[in-house]
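Observations on chain architecture
Chain by chain, the residues run as shown.
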Amino acid sequence: MSSVKKNRVLLVDDSATALMMERMILDRGRYEVVTARNGVEAIEKAIALRPDAIVMDVMMPEMSGLEACRSIRAHATLRETPVILVTTRGEPEHVEAGFSSGCNDYVTKPVDAVELLSKLQSVLGSEIR
Amino acid sequence: MTIASELEARAEELEARALSLETEKRALEEEFREMSRRFVDLERQNTHLASLFVASYQLLSSADRDDVLTAIQEIVTNLVGSEEVAIYECDRSAGELVLAASCGLDADRLRRVPIGSGVIGRVAATGSSYLVTEAGTPSEECPDLTACIALRVADQVAGVVAIFRLLPQKNGFTRVDEELFDLLSTQAAGALSTSHLRARLGVAAGPSA
């Protein structure tokens, strides 16, 4: 019986389909997953739940992933939290915009499970369990 | 035995041990690589199954028409990989397809398509889906169209899902995409027709899951 504390990951996407898919990738006993549906809710939940990492869509209503990422980087208690952006656009200019907003890494849609797990492992500095 | 020959024997013993450890290390490294390959394969298979489950769940848990249309668009964007999609429903009395929802496209240009006309109209007329595969070439009539899926309820075509350009990082359709299209073909049509039935009967949608 393992008592190892799971890393908590905040998943943020306005699409119920994307959220469910990403949850299924991360939730197989590896991470404790919490979710939010837009950037505003993401920041509220991040402050309240202090996740170990955030995986966030770029295109969202109310507050985009880029804006939310900038807010996270400007927040005293969240600025060190790793953020992986999930984008539909993999072209260099979009990737650059992501990194300029302060994200640690990015993955493109459709999300590749191995890529997401490996990047999450890398930003968390932990082994895949 | 002299000290020199003892040392020589010991050195040979250590060399043999080092060789054996080196062989063991290489075997373990190969085993680790094999385990990593299996992990990646299993992860891909899991994702494949998860995609089908998620698509099916989203379609079947959508009670009203707008939710079904949103679910279809989300499946195409998030699981297949295109942000240019048009969903049509058949209006048999008018003999045409009517645009029900779209994203990333000029809706005015696509609003109505006569059944039997062009690639999209022919898919509605024949019920045979159209797919640009790696080996195939896109239709000259509609070069941006990469897939057109007939939505079927029993033998009847209820509508079509037209998928235009794929996301830049997506190089073509995979086996999972083809299975998603099969699933869309049957389950999306069923979900749409159930939503129409619910609306006609005035059945309210229950709380969403």
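Now for a description of the structure that goes with this document. Nothing here was measured: the structure is a model prediction, and the numbers come from that model.

Let's shift gears to the overall build of chain B. The number of helices and strands found in chain B is five helices and six strands. Mapped in sequence order, the helices and strands of chain B form the string α-α-β-β-α-β-α-β-β-β-α. A globule of 209 residues ought to have a C-alpha radius of gyration of about 17 Å, yet chain B, at 28 Å, is considerably larger. The proportion of buried residues among the 209 residues of chain B is 32%. Look at the contacts in chain B between residues 6 or more apart in sequence, and 56% of them connect residues 24 or more apart.

On to the pairing of strand E5 (residues 105–108) of chain A, then. All names here are of chain A. Residues Asp105 and Val107 of E5 are buried on one face, and the alternating residues Tyr106 and Thr108, pointing to the opposite face, are buried as well. Bridging between strand E4 (residues 83–87) and E5 involves four bridges; their strand directions are parallel. Across the sheet, residue valine 86 finds its bridge partner in E5, namely valine 107. In this fold, E4 hands off to helix H4 (residues 92–100), which returns the chain to E5; that crossover is right-handed.

If you look at the interface, chain A gives 17 residues, while chain B gives 22 residues. When residues of the side of chain A that touches chain B are traced back to their parent elements, those giving at least two are helix H1 (16–26) and helix H5 (113–124) of chain A. The leading source of residues in the side of chain A that touches chain B is H1(A), at seven residues. Split into classes, the residues belonging to the side of chain A that touches chain B amount to 10 nonpolar, five polar and two charged.

As a further point, take the sheet that holds strand E2 (residues 96–103) of chain B. Residues and elements named next belong to chain B. What the six strands build is an open sheet, ordered E3-E2-E1-E6-E5-E4; its pairing is antiparallel. What marks the edges here is a single partner per strand, and that holds for strand E3 (112–114) and strand E4 (130–131). Note that strand E1 (residues 85–91) and strand E6 (residues 156–163) share five bridges and pair antiparallel. Directly across from tyrosine 88, in E6, lies its bridge partner valine 160.

Take the sheet that holds strand E1 (residues 7–12) of chain A next. Residues and elements named next belong to chain A. Taken in spatial order, the five strands of this open sheet run E2-E1-E3-E4-E5, and their pairing is parallel. Looking at strand neighbours, the two that pair on one side only are strand E2 (31–36) and E5, the edges of this open sheet. In this sheet, adjacent strand axes meet at a mean angle of 20° when their direction is disregarded. Inspection of the sheet shows E1 paired to E2 by six bridges, in the parallel sense. Looking at E2, one finds that leucine 11 is bridged to threonine 35. Contacting E1, E2 and strand E3 (53–57), H1 runs over the sheet at an angle of about 170° to E2.

Next up on the list: unusual backbone geometry. It is generally the case that most residues other than glycine have a negative phi and that most peptide bonds are trans. The omega torsion of the bond from A:Lys109 to A:Pro110 falls at -10°, within 30 degrees of zero and hence cis. Position of A:Pro110 among the secondary structure elements: in the loop between E5 and H5. Positive phi, close to 45°, is recorded for A:Arg50, a residue that is not glycine. On the secondary structure map, A:Arg50 appears in the loop between helix H2 (39–49) and E3. The backbone phi angle of B:Ala154 is positive, close to 55°, even though this residue is not glycine. Position of B:Ala154 relative to the elements: it lies in the loop between strand E5 (147–153) and E6.

Most of H1(A) is tucked away, with nine of its 11 residues classed as buried. Within H1(A), burial applies to A:Ala16, A:Thr17, A:Ala18, A:Leu19, A:Met20, A:Met21, A:Glu22, A:Ile25 and A:Leu26. Those residues of H1(A) hidden inside the fold are in contact with E1, E2, E3 and H5 of chain A together with helix H1 (3–60) and helix H2 (65–80) of chain B.

Quick notes on the rules
- Residues numbered from 1 in each chain as written.
- Chains lettered and ligands numbered in written order.
- Predicted model: local features only at pLDDT ≥ 70, side-chain atom pairs only at ≥ 80, totals over all residues.
- Helix = DSSP H or I, 4+ residues; strand = E, 2+ residues; numbered from the N terminus.
- Rg over C-alpha atoms; globule rule 2.2 N^0.38 Å.
- Buried ≥ 20, exposed ≤ 12 C-beta atoms within 10 Å, placed from the backbone.
- Contact = placed C-beta atoms within 7 Å.
- Pairing = 2+ DSSP bridges.
- Right-handed = clockwise from strand over helix to strand, strands pointing away.
- Nonpolar A, V, L, I, M, F, W, Y, C, P; charged D, E, K, R; others polar.
- Axes fitted to C-alpha atoms, helices over the stretch in contact; angles between N-to-C directions.

Just geometry here; none of it tells us what the structure is for.
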